[in-house]
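Residue-level listing of the chains:
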Amino acid sequence: MKVAEAVGRALYAAGVGQVFGVVGSGNFHLTNAMVAAGSRFVAARHEGGAATMADAYARMSGTVAALSVHQGPGLTNAMTGIAEAAKSRTPLLVLAAEVTEPRSNFYVDQGALARSVGALSARVTSAEDAVTEALDAVRRAVCERRTVLLNLPLGVQALDVPDARDDASTLAVVPPERAPVEPEFADVEVLARVLEKSRRPVFVAGRGARSPGARDALVALAERHGALLATSAVARGLFHGDPWSLDVSGGFASPLAAELIQEADLIVGWGCALNMWTMRHGRLIGPDSTVVQVDDDTSALGAHREAHLGVTGDVELTARRALETHVANRQPQQGEQAQQGHRAQQRQQSRQGFRTADIGASIAARVRWRDVPYEDTSTRERIDPRTLSVALDDILPAERVIGVDSGNFMGYPSMYLSVPDENGLCFTQAFQSIGLGLATAIGAALARPDRLPVAALGDGGAMMGAAEFDTVRRLGLPMVVVVYNDDAYGAEVHHFGPDGHPLETVEFPPTDIAAVARGYGFEAVTVRTRVDLKAVEDWLAGPRSAPLLVDAKVVADRGAWWLEEAFRGH
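1. So, the overall build of the protein
Each helix and strand counted, the protein has 23 helices and 18 strands in total. Relative to its length of 570 residues, the protein is compact, with a C-alpha radius of gyration of 25 Å against a globular reference of 25 Å. C-alpha atoms of the protein, sized along the principal axes, occupy 80 × 65 × 45 Å. Across the 570 residues that make up the protein, the buried fraction comes to 56%. Sequence-distant contacts, at least 24 apart, represent 76% of the contacts inside the protein between residues at least 6 apart.

Written as structure tokens, this is what we have:
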């Protein structure tokens with residue numbers, strides 16, 4: 001058995017059941033070996049799309065996924081998607097064929113390339129150690145929650161594996177997930193005391209809290225202390241349906257959410273970086289507010305802003321320990337009089353904190369962006385993106401999974417389209433690259449086949465990723481692709497336009513993206529007014545045998561509300 005086949009079999013046995021990629025001569029045998037062993041392979045039309053599909057699949061499925069690429073240009077084509085995954089700490093295994101001879105036209109320093117974007121690099125070095133080295137790469141991806149490039153030199157792939165080492169069934173099992181980090185008891189006690197002193201706490205949950213167990217623990221702890229609940233964009237939907245949820249904190253926050261967060265005397269980031277986006281460059285933190293950060297990675301504590309308290313620990317475990325510590329500190333001592341016991345029981349009850357009737361009524365009425373009044377600037381030729389998004393939110397089924405591209409438009413689908421839970425929005429924005437949205441939606445759709453996949457794109461991102469329209473059609477995905485089409489790179493138009501700069505480099509002639517989609521086998525509709533969305537309702541009521549693209553001609557008279565925040569980060 002050759003190394004390529006042995007490694008492919010071992011990877012499947014280790015739990016790598018989903019592979020994306022573009023196959024060339026260098027990764028042909030490895031990819032086929034994985035497929036023969038039982039992995040599902042999805043062929044993309046471009047390695048960049050394949051990388052983002054794998055990233056999104058891993059995020060939405062909670063499993064490690066793999067990307068398979070050719071040596072040299074196959075890897076360089078994928079680097080933007082790999083950078084996004086690495087910056088997001090996605091457990092992703094990149095399998096790249098490699099030439100080691102510097103005189104080869106395919107030669108690049110692939111290890112250095114991976115490290116330059118924050119990914120880890122590993123290599124298969126011999127036939128004897130190939131399987132062990134491959135499994136080590138999987139283990140690092142899972143246990144360290146990292147994107148790992150595994151280089152597979154062509155010469156090593158072609159070697160024969162010793163007979164004693166070619167049976168994948170005898171391999172040590174790779175842990176299916178990262179082991180939860182238990183917080184220190186002393187840290188939990190301090191956290192419990194800080195919570196006790198607070199009168200207006202806000203919990204902000206991030207990527208590290210994206211699980212039902214973490215959600216339930218945070219909801220219980222928030223109820224005990226009267227805390228309001230918010231999330232970062234990547235964890236949007238975690239507290240969906242909770243009457244004390246503020247939805248997203250940061251640049252996407254509604255005016256009411258921002259106002260309440262600024263009034264907090266305690267902000268606790270749970271698996272959340274509390275970075276410039278989530279805290280609006282610190283402007284959401286009041287001058288007298290205490291900042292606490294809980295994360296299972298010690299290096300993340302205080303990485304973006306100073307925290308008064310940092311707790312290293314798994315979000316769910318830390319929240320449950322804090323709740324238990326609170327309860328334990330409230331138990332009446334043995335021998336106390338009945339009156340003292342009664343008072344102790346009263347102190348066990350949940351505090352009101354931020355949870356007053358007036359605040360509850362305000363949240364119910366005004367926390368959603370769709371409930372914030374606005375002047376509809378729609379014309380007969382172009383629809384206001386807010387009007388478009390509100391209408392789509394009403395039309396599309398509630399059980400949906402949304403992939404969003406980057407650009408001026410992105411806040412509208414991200415905030416106006418509701419999601420059922422933390423697995424309803426796949427937000428690949430750590431690198432802020434345009435062109436990842438369609439591939440994001442494909443990966444998310446494959447991870448969540450029980451939901452209607454929705455891709456929300458700008459016209460710039462749609463044209464960048466248009467090759468993957470073929471992948472949507474080929475896979476038979478019943479996807480709705482919504483293009484917010486302003487015939488420009490809108491972020492640059494609205495950032496530089498007011499200062500009188502020439503905009504010819506970022507504006508384009510009108511493009512019939514609906515016609516482009518039809519060429520790939522889509523059904524398509526051009527939307528200029530609310531009435532045109534009847535075609536979307538008809539598609540939803542029909543067999544959905546072909547994907548649908550909505551070419552929405554949106555007004556281009558203003559920048560999105562979050563745009564100023566975005567350019568502060570450049």
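2. Comments concerning the packing of helix H3 (residues 47-61) against helix H17 (residues 437-447)
Closest axis-to-axis distance for the H3/H17 pair is 7 Å, and the angle between their directions is 40°. Judged on the interaxial angle alone, H17 and H3 are oblique. Considering only the axes of H3 and H17, their crossing is right-handed. Contacts between H3 and H17 involve Gly49, Thr52, Met53, Ala56, Tyr57, Met60 and Ser61 on the former and, on the latter, Ala439, Thr440, Ile442, Gly443, Ala444, Leu446 and Ala447. Classifying every residue of the contact of H3 with H17 gives nine nonpolar, five polar and no charged.

3. Some words on the packing of aromatic side chains
Inspection of the entire model under this criterion finds nine aromatic pairs. Relative to tryptophan 270, the ring of phenylalanine 203 lies with its centre 5.4 Å away and its plane at 65°, an arrangement referred to as edge-to-face. Separated by 67 residues along the polypeptide, phenylalanine 203 in strand E7 (residues 201-205) and tryptophan 270 in strand E10 (residues 266-270) bring together distant segments of the chain. When sorted by exposure, phenylalanine 203 lands in the same class as tryptophan 270, which is buried.

4. Some details on the sheet that holds strand E2 (residues 40-43)
In spatial order, the strands read E2-E1-E3-E4-E6-E5; together these six strands make up an open sheet with parallel pairing. The sheet is open, and its two borders are formed by E2 and strand E5 (120-123), each paired with just one other strand. Strand-to-strand, the axes of this sheet are offset by a mean angle of 25°, without reference to chain direction. Relative to strand E3 (residues 65-69), strand E1 (residues 18-21) runs parallel, the two being bridged by three bridges. Within E3, the residue paired with glycine 21 across the bridge is serine 68.

5. Some remarks on the nonpolar core
Counting 54 residues, the largest nonpolar core has Leu67, Ile82, Leu438, Met479, Val481 and Leu549 as the members making the most contacts within it. Leaving out residues up to four positions away in the same chain, valine 481 has contacts with Leu438, Ala455, Leu457, Phe469, Phe522, Leu548, Leu549 and Val550. Ile383, Val454, Val527 and Trp562 belong to the second largest nonpolar core, which has 42 residues in total.

6. Some words on the pairing of E3
Of all five residues in E3, five are buried, a share of seventy percent or more. Examined bridge by bridge, E3 and strand E4 (residues 92-98) share five bridges and lie parallel to one another. Its bridge partner being in E4, alanine 66 is matched across the sheet by leucine 93.

7. Quick look at the confidence of the model for the protein
Overall, the prediction assigns the protein a mean pLDDT of 93, with 93% of residues at 70 or greater. Between residues 336-348, whose pLDDT stays under 50, and residues either more than four places distant or in other chains, the model counts eleven contacts.

8. A short note on helix H15 (residues 385-395)
Burial within H15 is extensive, with ten of its eleven residues counted as buried. Every buried residue of H15 is listed here: Pro385, Arg386, Thr387, Leu388, Ser389, Val390, Ala391, Leu392, Asp393 and Ile395.

9. Some thoughts on the environment of alanine 220
Residue placement: alanine 220 occurs in helix H10 (residues 212-225). By relative accessible area, alanine 220 is classed as partly exposed at 27%. When the C-alpha atoms of alanine 220 and proline 453 are compared, they prove to be 31 Å apart, with 233 residues separating the residues in sequence.

10. Notes on the pattern of salt bridges
Here the structure, examined in full by the defined rule, presents 31 salt bridges. Two residues, glutamate 316 and arginine 320, come together in a salt bridge whose shortest N-O distance is 3.2 Å. Within this pair, glutamate 316 and its partner arginine 320 are both found in helix H12 (residues 315-329), separated by four residues, close to a single helical turn. What makes glutamate 316 partly exposed here is its relative accessible area of 26%.

11. So, the side chain of threonine 31
Mapped onto the elements of the fold, threonine 31 is located in helix H2 (residues 28-37). Judged by its relative accessible area of 3%, threonine 31 is buried. Among residues more than four places away in sequence, those in contact with threonine 31 are Val23, Phe41 and Ser68.

12. Looking at the sheet that holds strand E13 (residues 400-404)
The sheet built from six strands is open, its strands ordered E14-E13-E15-E16-E18-E17 with parallel pairing. The open sheet has two edge strands, strand E14 (425-426) and strand E17 (523-527), and neither has a second partner. Sheet analysis places E13 next to E14, joined by two bridges and oriented parallel. Each residue of the ladder has a partner; that of glycine 403, found in E14, is cysteine 426. Each of E13, E14, strand E15 (452-458) and strand E16 (480-485) touches H17; the most contacted strand, E15, lies at about 170° to it.

What counts as what
For every chain, the first residue of its written sequence is number 1, and the numbers climb from 1 along that sequence. Confidence filtering applies because this is a predicted model: local features only for residues at pLDDT of at least 70, side-chain atom pairs given and counted only at 80 or more, and all residues used for totals across whole chains, interfaces and linings. Note: side-chain values were computed over all heavy atoms of the structure, leaving out hydrogens and water. Runs of E in the DSSP output that reach at least two residues are strands. Runs of H or I that reach at least four are helices, and both are numbered from the N terminus. It is over C-alpha atoms that the radius of gyration is taken, and the globule rule equals 2.2 Å times the number of residues to the power 0.38. A simple rule labels every residue: compare its accessible area, found with a 1.4 Å probe on the protein chains alone, to the largest value its type can have, and call it buried under 20%, exposed over 50%, or partly exposed in between. The contact criterion used throughout is that any non-hydrogen atoms of two residues lie within 4.5 Å. Angles run from 0 to 180 degrees between N-to-C directions of axes, and those axes are lines fitted to C-alpha atoms, restricted for helices to the stretch in contact. Angles below 35 degrees are treated as roughly parallel, those above 145 as roughly antiparallel, those between 65 and 115 as roughly perpendicular, and all remaining angles as oblique. Here a crossing is taken to be left-handed if its near helix is turned anticlockwise relative to the far helix by less than a right angle, and right-handed if that turn runs clockwise. The residue classification treats Ala, Val, Leu, Ile, Met, Phe, Trp, Tyr, Cys and Pro as nonpolar and Asp, Glu, Lys and Arg as charged. All others, Gly included, are polar. Pairing of aromatic rings covers Phe, Tyr and Trp, the last through its six-membered ring, and needs centres within 6.5 Å; plane angles under 30 degrees mean stacked, over 60 mean edge-to-face, and all others mean tilted. A pair of strands is labelled paired if DSSP reports no fewer than 2 bridges between them. Here, nonpolar core refers to any group of buried Ala, Val, Leu, Ile, Met, Phe, Trp, Tyr and Cys residues whose side-chain atoms link them within 4.5 Å. pLDDT expresses how confident the predictor is about each individual residue, on a scale running from 0 to 100. Each salt bridge in this description consists of a side-chain nitrogen of Lys or Arg and a carboxyl oxygen of Asp or Glu lying within 4 Å of one another.

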